[in-house]
Structure formats: structure tokens, C-alpha cells
Amino acid sequence: MSEITRTAVIGSPIEHSLSPTIHNHWFTKEQMKNHTYDKIEVELNNFSETIDSLNKQGCFGLNVTVPLKEVAYEKSDTLSENASQTKAVNTLWFKDGKIFGDNTDPVGFTKSLPDKVIEKKINSKNCLLLGAGGSSRAVLWSLTQLNANIAIYNRTEEKAENLLKTVGVNGKILKKEELDDYVSTSSFIVNTTSLGLQEGEVNDLINFENVRSDTYVYDLIYNPPLSSFLDQAKNKKLKTQNGLRMLVEQAAASFKIWHGVSPIVDEELMKKLGA
Ligand code: ATR
């Protein structure tokens, strides 16, 4: 009998992670019997020892989520271009005594977008990115590669400046009083802030009265599926998308890296995840 290939997602809190559901669905579909994918609660202060011990125990690869993506970047011996550019790692694997790190979030974001949206709403168009936290890096890098004219608004302006420096790309930083004008020129608006994750929390960063009727509105939040941000957009009859497809596409890219197989994203999987 061949050996078991062990993979897992690590982070904190990890209890509600959907990644095991996604990877286990694909193991079943691809008839990959000797593969496992678990979730392991790991905090910042025990990240390094945990990685070393999982490596010693023969773990094959790890997905890394909040708040460990930046330390995973530091810990990697070899980095992919997307990891170097975003200074974050969400996919690790162990090989020849070395730790390899990639970030599949930018690919996940790009692949989650319908081709028409990339062509008509993003390429050479004004795009507004809200937020400058950990999850904004992948979106900024992806939008840059898609040739968008990017403007960033974040409550703390300094963090938006740091975001541009970290990712090493160009963009305009907006002040609160400049938002209304930019909103009315944007064909793509993406929320990467955590506003709206908590029940009853309202994302009031922009005034939807100023959003154009042909603007595509994206929220990285997928739980709740209809965030307060997307709810306001839907009330204005705008086209919207939540972050569930990005979650699945980043998982698909990790799966391909580890197992050499491009898994199929089917309706059955999306239903399992509550789409
Ligand atoms: P994540 O890893 O999910 O991106 P994060 O790194 O903690 O989380 O970033 C949270 C983002 O949400 C930041 O852009 C934060 O803005 P600040 O940089 O000003 O803190 C934004 N955010 C969170 N709560 C917010 C609020 N009440 N109003 C405006 N922005 C908020």
C-alpha cells in the first residue's frame, strides 16, 4: 500500500475553514485515496515550531491563512513570483529539505472573475480597491497584472501607502473627500476590508448613490454570502460577486501545485459550500 500524502490548512481561528471540504471533495472526485487534508489551529507564536514538526512528521504541503501568511513568507526558502510580489505565502510544500512558498490568492482572484468583467470593467479602466489589510495585497497585484487604473481607499491612509510599497506597484491613494468623485468614475469596486464580517455590521465606506449603473461590485467576504456591501449594491441593481469563487480557485491552484492535477470546480462543490 502506498504512503499517505498529508496536507492541511493552518491558521487561527481555523474551526470554520471551508478548505478541508474543498480538498476532500476533489480527492473523492479524482479518486485520490491515500490523501488527507486537515485543519490545524496554529497561532503566530507557535508557527515556526509547528512547521518544523509537521515537516519532520512527513507532511507534504500546507495552506496558510490569517494571521500566518506573512510569517510563512519569511519562513520559505524558495518563493514563487506571486509570493515575492505580495510578500505573503498561502501555500507551502516541503521538498529536498527545503520549504517552498507560493501565494495562489492572486491567481484565485483573477480566475474568479468572468472574462467579460476583466475585459470590460478592469482592463484600462478605473478600479477602486477598498482596504489595505492582508487580503488587499493579492487583489492589488492581480488588478495590476490585469492592467487596471487602481485607486485605493483605506481608513488609515498610511497603510494604503505601505500597501503600494509592499507590493511594489503604482496606484492612487484617495482621501475620504476624494472618494465620491472616484466612485462615480469606477467600473469595478472591490471591498477587501473586514467590514461586514460581523453580523449587523454595515459597510458604509462608499455612498452607493454615486456608483454607476454599469459598475461591477465585488466583496471578498463570502460569509455572509450577501454582505452589507453587496446588499447595498444589489439594491441598486448592480452586478455583484462575493469571495467564494476566489476561495475555491486559490484552493484549485494549491491542489495543482501539490498534486499536479487541475481539479474540477463543479456545481456539487459550490452547493456544498453554500453557493
Ligand atoms: P485582512 O487580513 O482580512 O485583510 P486586516 O489585515 O486586519 O485583515 O485588515 C483589515 C482591513 O479592514 C483594513 O484595511 C482595515 O482598515 P485600517 O487599516 O484602517 O484598520 C479595514 N477595516 C476594519 N474595520 C474597519 C472599519 N470599522 N472601518 C473602516 N475600515 C475597517
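In this text, all values refer to a predicted model and were calculated from it rather than measured experimentally.

**Student:** Could you clarify how one ought to interpret a negative patch on the surface in this entry?
**Tutor:** A cluster of like negative charges, contributed by Glu-177, Glu-178, Asp-180 and Asp-181, occupies part of the molecular surface. For Glu-177, the position within the fold is in the loop between strand E9 (172-173) and helix H9 (179-183). Among the residues examined, Glu-177 registers a relative accessible area of 64% and is labelled exposed.

**Student:** What is the right way to read the pairing of strand E3 (residues 61-64) from this model?
**Tutor:** Neither face of E3 is left uncovered, since the one carrying Gly-61 and Asn-63 and the one carrying Leu-62 and Val-64 both have all their residues buried. Note that strand E1 (residues 5-11) and E3 share four bridges and pair parallel. Looking at the pairing, Ile-10 lines up with Val-64 of E3. Relative to strand E5 (residues 91-95), E3 runs antiparallel, the two sharing three bridges. In the sheet register, Gly-61 faces E5, and the bridge partner there is Trp-93.

**Student:** Please clarify how the packing of helix H5 (residues 105-112) against helix H11 (residues 244-259) should be interpreted in this entry.
**Tutor:** Two numbers describe a pair of packed helices, the interaxial angle and the distance between the axes. Across the interface, H5 lies against H11 with an axial gap of 7 Å and an inter-helix angle of 125 degrees. In terms of orientation, H5 and H11 fall into the oblique class. At the point where H5 passes H11, the crossing takes the right-handed sense. Residues Asp-105, Val-107, Gly-108, Phe-109, Lys-111 and Ser-112 of H5 lie in contact with H11, whose contacting residues are Arg-245, Met-246, Glu-249, Gln-250 and Ala-253.

**Student:** How do you make sense of the environment of Arg-155 when you look at a structure like this?
**Tutor:** In this fold, Arg-155 is placed in the loop between strand E8 (149-153) and helix H8 (157-167). Residue classification places Arg-155 among the exposed residues on the basis of a relative accessible area of 75%. Arg-155 sits 23 residues away from Ala-132 along the chain, and the two C-alpha atoms are 8.7 Å apart.

**Student:** What exactly am I supposed to notice about the domain arrangement of the chain here?
**Tutor:** Partitioning the chain into structural domains gives domain 1 (5-103 + 246-272) and domain 2 (107-242). The centre of domain 1, based on its C-alpha atoms, is set 26 Å off from the matching centre of domain 2. Each partner contributes to the interface: domain 1 provides 13 residues, whereas domain 2 provides 16 residues. Both faces considered, domain 1 and domain 2 share a buried interface measuring about 1200 Å² in area, 61% of it formed by carbon and sulfur atoms. Counting the surface domain 1 buries against domain 2, the share from its top three residues, Gln-85, Thr-86 and Met-246, is 46%. With its nearest N and O atoms 3.8 Å apart, the salt bridge here joins Arg-137 to Glu-70. Applying the counting criterion to the domain 1 and domain 2 interface returns five residue pairs in polar contact (both at pLDDT 80 or more). At the level of elements, helix H4 (81-86) and H11 are the ones that each hand at least two residues to the side of domain 1 that touches domain 2.

**Student:** Please explain the sheet that holds strand E7 (residues 126-130) as it appears in this structure.
**Tutor:** Strands in a sheet are paired, the pairing made by backbone hydrogen bonds, and the direction either parallel or antiparallel. With parallel pairing, the six strands of this open sheet are ordered in space as E9-E8-E7-E10-E11-E12. The sheet terminates laterally at E9 and strand E12 (239-241), the two strands that pair on one side only. Pairing analysis gives two bridges linking E8 to E9, with the strands arranged parallel. By the bridge assignment for E9, Ile-152 is matched with Ile-173. Helix-sheet contacts for helix H6 (residues 115-122) involve E7, strand E10 (188-191) and strand E11 (216-219), and the interaxial angle to E10 is about 110 degrees.

The rules behind each value
Residues numbered from 1 in each chain as written. Predicted model: local features only at pLDDT ≥ 70, side-chain atom pairs only at ≥ 80, totals over all residues. Heavy atoms only, no water. Patch = residues over 30% accessible without salt bridge, like charges linked within 9 Å, V, L, I, M, F, W, Y side chains within 5 Å. Areas by Shrake-Rupley, 256 points an atom, 1.4 Å probe, with all protein chains shown as cover. Salt bridge = Lys/Arg side-chain N within 4 Å of Asp/Glu carboxyl O. Lys, Arg positive; Asp, Glu negative; His and termini not counted. Charge placed at Lys NZ, Arg CZ, Asp CG, Glu CD. Helix = DSSP H or I, 4+ residues; strand = E, 2+ residues; numbered from the N terminus. Buried < 20%, exposed > 50% of the residue type's maximum accessible area, 1.4 Å probe, protein only. Pairing = 2+ DSSP bridges. Axes fitted to C-alpha atoms, helices over the stretch in contact; angles between N-to-C directions. Parallel < 35°, antiparallel > 145°, perpendicular 65-115°, else oblique. Left-handed = near helix turned anticlockwise from the far one by under 90°. Contact = heavy atoms within 4.5 Å. Domains from an automatic or database assignment. Buried area = accessible area lost by both parts, 1.4 Å probe. Polar contact = N/O pair within 3.5 Å; in protein donor to acceptor, adjacent residues only side chain to side chain.

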